[in-house]
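Given next are the chains, with one letter for each unit.
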Amino acid sequence: LYNNLNGNNWSFKTNWNFTTDPCSISAPWYGITCNHAGNSVTTIALHANNLQGQLPDSLNAFPDLSFLDLSNNLITGSIPTSISVDTNPQLSSVILAGNILTGNIPTQLLTCHLVLLNLQVNQLSGFVPSFTSGIQDTLTSLILSHNHFSGSVSFLRTLTNIHQVYVDDNDFTGGIASDLTLLKCINFNIANNPNLGASFPASFSGWTHLQTIDFSNTGLSGTIPTSMAAFRELQVLDLSDNFLTGTIPPAIASLPNLNSIYLQDNQLNGTIPANLGNLAVLQTLDLSNNTFTGQLPPFLQSSSNINVTVSCNEFCTPLPAWCANDRCKTCNGFVSSVSCASLTTSTSTGTTTSTITPTSGTTSETGSQPTPTNTKTGLPK
């Protein structure tokens with residue numbers, strides 16, 4: 001490692017290239033932990049240590065290695081194919097995040113009985129291989145975010161013990177398999193795979209242990225499943241920037257831990273369920289850029305502790321007094337993330353009406369809203 005990864009320029013290198021025994025009690029090497037017998041390396045932890053260069057095949061020379069963390073360095077090239085269950089039978093955690101790695105995930109690596117695999121923020125690409133029988137039952141955390149992986153996410157189907165899935169910001173396609181089972185999953189983030197073309201799989205109703213769901217910007221279509229009423233542990237729901245239709249299921253308001261709801265930039269309609277005001281821990285509610293109609297529910301007026309954004313919808317008039325007094329635009333002190341219209345109230349022939357004046361573009365004579373824009377890209381939906 002020292003020779004291959006420019007050891008002379010490491011930030012910390014105590015006793016590296018000074019003694020020949022990494023397990024020396026009198027001169028232990030920085031970032032190295034050994035077994036109780038003091039004769040075999042079990043941990044290599046060189047996080048953010050200015051490592052530069054390509055990973056050597058010699059990583060397979062540590063049969064008792066269980067923890068490998070080389071994250072946040074400047075490591076280039078590919079992941080060595082020499083790492084496998086045959087050469088590293090004890091390996092359970094691999095953290096190579098925050099480097100400049102390229103190429104595919106080698107199938108040999110996935111023969112190891114890993115509990116944690118973190119490869120996020122690299123330049124890895126290609127299909128993610130199928131997981132072998134050994135890793136299927138052991139892997140609990142899979143973090144592949146911010147790479148260039150493509151193909152389907154069918155590799156998730158065999159992970160029976162997975163708790164954390166972060167595959168966001170890649171180039172996955174092909175939707176989500178209808179039989180994908182995530183019975184133990186707590187956090188599922190597949191956001192920013194715009195060509196995924198997802199819909200809620202038939203098995204979704206069984207993902208009841210989820211605390212975080214992020215399907216934003218995945219081409220998600222269909223309606224919000226009413227089965228989410230059973231997701232009692234859910235804290236964050238992000239379905240924004242998609243093509244969802246239909247209404248918000250009122251049953252969502254029964255989720256005791258739900259603190260953030262992001263449904264902006266969809267094609268949702270109907271009225272805002274008044275019982276959303278029953279969410280005791282709700283902190284953020286973004287419903288902007290949809291086609292919600294009806295009256296604004298009263299709980300929005302008293303939601304001083306909630307960051308509420310409801311702009312760019314089609315609420316009926318006359319607007320409530322608190323809204324006409326600029327409170328629609330600022331949402332009780334919180335600035336809207338979409339500044340597309342200001343609300344004014346005028347009285348004509350004894351009838352109170354509401355007109356919408358765009359802040360940019362051409363004012364409509366009928367008072368209709370301008371074309372909604374995507375709050376993340378600024379482009380028309």
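Fair warning: this is a prediction, and the values are worked out from it, not measured in the lab.

Can you help me understand the overall build of the chain in this one?
The helix and strand tally for the chain stands at 2 helices and 25 strands. By residue count, 47% of the 381 residues in the chain fall in the buried class. The long-range fraction of contacts in the chain, counting pairs at least 24 apart against all pairs at least 6 apart in sequence, stands at 45%.

What should I look at first to understand the nonpolar core in this one?
Taken as a class, soluble globular proteins show a tendency for nonpolar side chains to be buried jointly. In terms of nonpolar packing, the biggest core is built from 91 residues, with Ile 44, Leu 142, Phe 155, Phe 188, Ile 213, Phe 215 and Leu 239 touching the most fellow members. Setting aside chain neighbours within four positions, we find Ile 44 in contact with Leu 1, Gly 31, Ile 32, Leu 59, Phe 62, Leu 65, Phe 67, Leu 68, Asp 69 and Leu 70.

Looking at this structure, I do not really get the pattern of salt bridges. What am I missing?
Side chains that carry opposite charge are capable of pairing whenever their charged atoms lie near each other. According to the stated counting rule, one finds 1 salt bridge in the structure shown. The residue Asp 179 makes a salt bridge to Arg 157 at a minimum N-O spacing of 2.8 Å. Remark: Arg 157 occurs in the loop between β11 (148-151) and β12 (164-166) and Asp 179 occurs in the loop between β13 (171-172) and β14 (187-189); sequence separation between them is 22 residues. A relative accessible area of 43% places Arg 157 in the partly exposed class.

Explanation requested: the environment of Ala 27 in the structure shown.
Relative to the elements of secondary structure, Ala 27 occurs in the segment before β1 (32-34). With sequence-adjacent residues up to four places away left out, Ala 27 is seen in contact with Asn 15, Thr 19 and Asp 21.

So what exactly am I meant to see when it comes to the sheet that holds β11 here?
Two modes of strand pairing occur in sheets, parallel and antiparallel, and in both the strands are linked by backbone hydrogen bonds. An order of β7-β9-β11-β13 is seen for the 4 strands of this open sheet, with the pairing classed as parallel. Looking along the sheet, the strands with just one partner apiece sit at the ends: β7 (102-103) and β13. Note that strand β9 (residues 123-127) and β11 share 3 bridges and pair parallel. By the bridge assignment, Ser 125 is partnered in β11 with His 148.

Just checking my understanding: could you explain the packing of aromatic side chains for this structure?
Aromatic ring pairs: the centre-centre distance and the angle between the two ring planes describe each pair. On inspection of all chains with the given rule, the structure shows 15 aromatic pairs. Both rings, one in Tyr 2 and one in Trp 10, keep their centres 5.3 Å apart while their planes meet at 65°; by these two values the pair is edge-to-face. A single burial state applies to Tyr 2 and to Trp 10, both of which are buried. Their ring planes at 55° and their centres at 5.0 Å tell us that Phe 200 and Phe 204 sit as a pair that is tilted. With relative accessibility at 1%, the residue Phe 204 sits in the buried group.

Help me out: how do you make sense of the side chain of Ser 93 in this one?
With respect to the element layout, Ser 93 can be found in strand β6 (residues 93-95). With relative accessibility at 11%, the residue Ser 93 sits in the buried group. Excluding its chain neighbours within four sequence positions, the residues that come into contact with Ser 93 are Ser 66, Phe 67, Leu 68, Leu 114 and Leu 116.

Teacher, can you tell me more about the state of the cysteines here?
A covalent bond bridging the sulfur atoms of two cysteines is what the word disulfide describes. What the rule picks out here adds up to 1 disulfide. Across a sulfur-sulfur distance of 1.9 Å, Cys 23 and Cys 34 are joined as a disulfide pair. Negative torsions about the S-S bond denote left-handed disulfides, and the value of about -90° found for Cys 23 with Cys 34 makes this one left-handed. Here Cys 23 is found in the segment before β1, whereas its partner Cys 34 is found in strand β1, with 11 residues between them in sequence.

Hey, could you run me through the confidence of the model for the chain in this one?
Atom-level detail of predicted coordinates should not be read off regions where pLDDT is low. Looking at the chain, the pLDDT average stands at 84 and 83% of residues meet or exceed 70. Scored below 50 in pLDDT, residues 329-375 shows 82 contacts in the model against residues more than four places distant or in partner chains. Predicted confidence for residues 377-381 stays below pLDDT 50, and this span has 14 contacts to residues more than four positions away or in other chains.

When you look at the pairing of strand β2 (residues 41-45) in this model, what are you seeing that I'm missing?
When a strand is regular, its side chains alternate between the sheet's two faces. Buried residues dominate β2, accounting for 4 of its 5 residues. Summarising the sheet, β1 and β2 pair through 3 bridges and their orientation is antiparallel. Bridge pairing in β2 places Cys 34 opposite Val 41. The antiparallel hairpin formed by β1 and β2 contains 6 residues in its connecting segment, where Gly 38 sits at a positive phi of about 70°. Note: β2 against strand β4 (residues 67-69), 3 bridges, orientation parallel. Within the sheet, the bridge partner assigned to Thr 43 lies in β4 and is Phe 67.

What is the right way to read the pairing of β11 from this model?
With burial as the criterion, only one face of β11 is covered, namely that bearing Phe 149 and Gly 151; the residues His 148 and Ser 150 on the opposite face remain uncovered. Pairing geometry for β11 and β13, over 2 bridges, is parallel. Each bridged residue has a counterpart across the sheet, and for Ser 150 the counterpart in β13 is Asp 171.

Mind showing me how you'd approach the environment of Leu 5 here?
With respect to the secondary-structure elements, Leu 5 resides in the segment before β1. Residue Leu 5 is classed as buried on the basis of its relative accessible area of 0%. It is 9.9 Å that separates the C-alpha atoms of Leu 5 and Asn 73, two residues lying 68 residues apart in sequence.

Definitions and limits used
- Residues numbered from 1 in each chain as written.
- Predicted model: local features only at pLDDT ≥ 70, side-chain atom pairs only at ≥ 80, totals over all residues.
- Heavy atoms only, no water.
- Helix = DSSP H or I, 4+ residues; strand = E, 2+ residues; numbered from the N terminus.
- Buried < 20%, exposed > 50% of the residue type's maximum accessible area, 1.4 Å probe, protein only.
- Contact = heavy atoms within 4.5 Å.
- Core = buried A, V, L, I, M, F, W, Y, C linked by side-chain atoms within 4.5 Å.
- Salt bridge = Lys/Arg side-chain N within 4 Å of Asp/Glu carboxyl O.
- Pairing = 2+ DSSP bridges.
- Phe/Tyr/Trp six-rings, centres within 6.5 Å; stacked < 30°, edge-to-face > 60°.
- Disulfide = S-S within 2.5 Å.
- pLDDT = per-residue confidence, 0-100.

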